[in-house]
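Residue-level structural notes
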Amino acid sequence: MSRFTDAVAAELVKVRTVRGLVVGAVLATLALPLTSLLVVTSGGLGEQDTLTSGAATGTVVGLLAFGAWGASVAGSEYVHRTITVSLAAVPHRPTLLLAKLAAAGAIAAVGGAAAALLSVLLVHSAAPPHTHHLGNPWSLVGIVLAFVAVTVVGVAVGVLVRSSTASIAVVAAAVLLPKAAAGLLGGLQPWVVGASPGTVVTQLVHGGQLADDQTFPGGTALALLSMLAVATAVGSVSALAFGRRDG
Amino acid sequence: MPERSGSAIEVENASKVLDGVRVLDRVSFTAEPGRVTAFLGPNGAGKSTTLRAILGIDHLDSGRAVIGGRPFREHPQPLQVAGALLSPDAAHPARSTRGHLRILAASNGLSRTAVDRALELVGLRDLADLPAGQMSLGMKQRLGLATALIGDPAVVILDEPHNGLDTAAIRWLRGVLRSLADAGRTVLVSSHLMAEVELIADDVVVIDEGRIIAADTLERFLGISGSLEDRYLGELSSR
């Protein structure tokens, strides 16, 4: 195996060998379906909603859970000082960081796919029979991509700030603030809010039903690409810092 | 201990400034294969920074630190080149001993046999499932040593490995270090236990305030002094 695949394998073992990280991944996976189920069973599914849009109602909670998990994965390396052992075993820093991002992203992809599927099944079983169409199932891919993106950002921020708690706070702010502080953004609002992961998923699920100031000007596909580009940019900044700083 | 051709550690004019303080000032020395090199100095002298720089964990502002002629990060199988114990606390408290070592094995494509061999070597086989957070300092040092030796490396770097060890464990470690060097490996070890160092070291490097103030064979360094402790303290106080 190559140096990179060995490093990815090691990162997966890191997650598997700490119960808290395994439980965190499971909880992150359950966050979306359980929240969506809660919304649907409490009468939150409107007449115009589809099973897919109902399944996506817990997206923000899922985003927060996966982002916090990603931040914990990276932050715990610094909190417990295992980063020195990691660097002594994989001293080529780009390989170590890429492996960390790839492993966390892969777990988020599997967890996100399971979450989306489970969410649709739960909403289908909870909704009154024959009242709601399936909707666009491809939008569930967008949910998975959003979960992967926010997890990657969580890991990258964890590496940048070297603390689980602080990185979780930063990721939570990144998920929640664009919409909460939308009014302060002026002309940038549709660009920032429209490319934020929660809104990207809403655009995918609901199509053109969002207000103009929350819809990404270039369309849904570009909003999705912008979200992934932001995640890549944050990952690149963390790579730069990780390469330059002492371990 | 199986025979292993060693690689020298070479540090040349290594300098580093941290928060405006020059922590390393043109540090130069060599640790040779087949020998135990003791790296001595008071707290804050620059020992740990030097060891971390050799492994590429800390960056140098100038100069170089190489193993086998190359920076450590350029070796394709790092754990087979150098293994290190830098801190006994560098293990996740919720992760088992075996889990900790399995990560290292996976990272360098080593088999699970390497994990069992390392556990056996440091006497932790029966405690393989114990989380690191429940270990005594002595056990953590053993785990750190297993971390250093899992790849059967040509170079072994140990930062104060005697801390927390009881008398029997110190004697055991003495035997391990001697056998590593006798098998051709390069052993670089920092310690404050002068009496212990005197028993195991072939060469001595002394650092103080970021500068190398002595580097010689133990025999020549001792000269006519009664003990390493006397000679070491004399060297420090003469500055």
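Chains are numbered independently. Their residues run from 1 in the order of the written sequence. All chains are assigned letters beginning at A, and all ligands numbers beginning at 1, according to the order in which they are written. Per-residue local features of the predicted model are confined to residues with pLDDT of at least 70, and side-chain atom pairs are confined, for both listing and counting, to 80 or more; whole-chain, interface and lining totals are unaffected and use all residues. Side-chain numbers here rest on the full set of heavy atoms in the structure, without hydrogens or water.

Threshold: UniProt positions are given in the numbering used here, feature names are shortened, and annotations may be inferred rather than shown by experiment.
Per an unreviewed UniProt entry, chain B carries the name ATP-binding cassette domain-containing protein and comes from Nocardioides marmorisolisilvae. As recorded by UniProt, the Sequence similarities (unreviewed entry) comment attached to chain B reads in full: "Belongs to the ABC transporter superfamily."

An unreviewed UniProt entry lists chain A under the name ABC transporter permease, from Nocardioides marmorisolisilvae.

**Things to note about the packing of helix 5 (residues 137-149) of chain B against helix 6 (residues 167-182) of chain B**
Residue and element names in this part refer to chain B. Basically, it comes down to this: Comment: axis = line fitted to C-alpha atoms, over the contacting stretch for helices; angle = value between 0 and 180 degrees taken between N-to-C directions. Runs of H or I in DSSP of at least four residues are treated as helices and runs of E of at least two as strands, each being numbered from the N terminus. Our angle categories are set so that under 35 degrees counts as roughly parallel, over 145 as roughly antiparallel, 65 to 115 as roughly perpendicular, and the remainder as oblique. Throughout, a contact is declared for two residues whenever any of their heavy atoms are within 4.5 Å. Three categories are distinguished: nonpolar for Ala, Val, Leu, Ile, Met, Phe, Trp, Tyr, Cys and Pro, charged for Asp, Glu, Lys and Arg, and polar for the others, with Gly belonging to the last.
Where helix 5 contacts helix 6, the axes come no closer than 13 Å and their chain directions differ by 10°. If you check the angle between helix 5 and helix 6, you find them roughly parallel. Facing R142, L145 and L149 of helix 5, the residues of helix 6 in contact are A169, W172, L173, V176 and L180. Here the contact of helix 5 with helix 6 is built from residues that sort into seven nonpolar, no polar and one charged.

**Description of the packing of aromatic side chains**
All names here are of chain A. Our working rule: Between rings of Phe, Tyr and Trp, where Trp is taken as its six-membered ring, a pair exists when centres lie within 6.5 Å; planes separated by under 30 degrees are stacked, by over 60 edge-to-face, and by other angles tilted. Buried residues are those whose accessible area, probed at 1.4 Å on protein chains only, stays under 20% of the maximum for their type, while exposed residues exceed 50% and partly exposed ones sit between those limits.
The final tally for this structure, using the stated rule, is three aromatic pairs over all chains. Taken together, a centroid distance of 5.4 Å and an interplanar angle of 80° make the contact between W191 and F216 edge-to-face. On the criterion of sequence distance, the pair formed by W191 in helix 9 (residues 189-195) and F216 in the loop between helix 10 (197-206) and helix 11 (220-244) is long-range, its members being 25 residues apart. Judged by relative accessible area, which is 8%, F216 ranks as buried.

**Some words on the pairing of strand 9 (residues 211-217) of chain B**
Regular strands place side chains that alternate from one sheet face to the opposite one. Residues and elements named next belong to chain B. The test is simple: What makes two strands pair is DSSP finding at least two bridges between them.
Pairing of strand 8 (residues 203-208) with strand 9, which is carried by six bridges, proceeds in the antiparallel orientation. Bridge pairing in strand 9 places D203 opposite T217. With antiparallel pairing between neighbouring strands as the criterion, strand 8 and strand 9 make up a hairpin whose turn holds two residues, including E209 at a positive phi of roughly 50°.

**Comments concerning the layout of surface pockets**
Basically, it comes down to this: The definitions used throughout rest on a 1 Å grid laid over the protein atoms alone, on which a cavity is an enclosed set of points accommodating a 1.4 Å probe that cannot get out and a pocket is an open set flanked by protein within 12 Å on both sides along at least five of seven lines; lining residues are those having an atom within 4 Å of a point. Grid points are joined across faces, edges and corners, and a volume is the space filled by probe spheres set on the points.
Estimates place the volume of the largest pocket at around 340 Å³. B:A53, B:G56, B:H59, B:P71 and B:R73 are, among the 21 residues lining the largest pocket, the residues nearest its centre. Among the secondary structure elements, those contributing two or more residues to the lining of the largest pocket are helix 6 (93-126) of chain A together with helix 1 (47-54) and strand 4 (62-67) of chain B. Top contributing element to the lining of the largest pocket by residue count: strand 4 of chain B, with five residues. Here the residues of the lining of the largest pocket are counted per class, giving 10 nonpolar, six polar and five charged.

**Things to note about the pairing of strand 1 (residues 9-18) of chain B**
Residue and element names in this part refer to chain B. Direction of pairing for strand 1 relative to strand 2 (residues 21-31): antiparallel, over a ladder of seven bridges. Of the residues in strand 2, the one forming a bridge with E10 is T30. Hairpin connection of strand 1 to strand 2: two residues between the antiparallel strands, including D19 at a positive phi of 50°. Pairing of strand 1 with strand 4 involves five bridges; the strand directions are antiparallel.

**Some details on the UniProt feature "transmembrane region" (unreviewed entry) in chain A**
Residue and element names in this part refer to chain A. Here the UniProt feature "transmembrane region" (unreviewed entry) sits at residues 21-40, 60-80, 101-126, 138-161, 168-188 and 221-242. Segment residues 60-80 splits into 95% helix and 0% strand. End C-alpha atoms: 29 Å apart. What you have in residues 101-126 is 100% helix and 0% strand, and the ends, taken at the C-alpha atoms, are 36 Å apart.

**Points about the interface of chain A and chain B**
Stated precisely, the cut-off is as follows: Buried area is a sum: the accessible area each of two parts loses on coming together, probed at 1.4 Å, counted once for each and added. Take a side-chain nitrogen of Lys or Arg and a carboxyl oxygen of Asp or Glu: if they are within 4 Å of each other, that pair is a salt bridge. We define a polar contact as two N or O atoms separated by no more than 3.5 Å, with the added condition that, inside protein, one atom must be a possible hydrogen donor and the other a possible acceptor, whereas residues neighbouring each other in sequence contribute only through side-chain atom pairs.
Each partner contributes to the interface: chain A provides 28 residues, whereas chain B provides 32 residues. Together chain A and chain B conceal approximately 2400 Å² of surface at their shared face, both sides included; 59% is due to carbon and sulfur atoms. The tally of links between chain A and chain B comes to two salt bridges. Across the salt bridge formed by A:D246 and B:K16, the nearest N and O atoms sit 2.8 Å from each other. On inspection of chain A and its partner chain B, the count reaches 13 residue pairs in polar contact (both at pLDDT 80 or more). Those elements that place two or more of their residues in the side of chain A that touches chain B are helix 1 (3-16), helix 5 (83-89) and helix 11 of chain A. When its residues are assigned to classes, the side of chain A that touches chain B shows 11 nonpolar, eight polar and nine charged.

**Let's talk about the sheet that holds strand 7 (residues 186-190) of chain B**
Residue and element names in this part refer to chain B. With respect to topology, six strands assemble into an open sheet ordered 5-6-7-3-8-9, the strand pairing being mixed. With one partner strand each, in any of the chains shown, strand 5 (82-85) and strand 9 form the two edges of the open sheet. On average, adjacent strands in this sheet sit at an angle of 15° to one another, irrespective of strand direction. When strand 6 (residues 155-159) meets strand 7, the two strands line up parallel, connected through five bridges.

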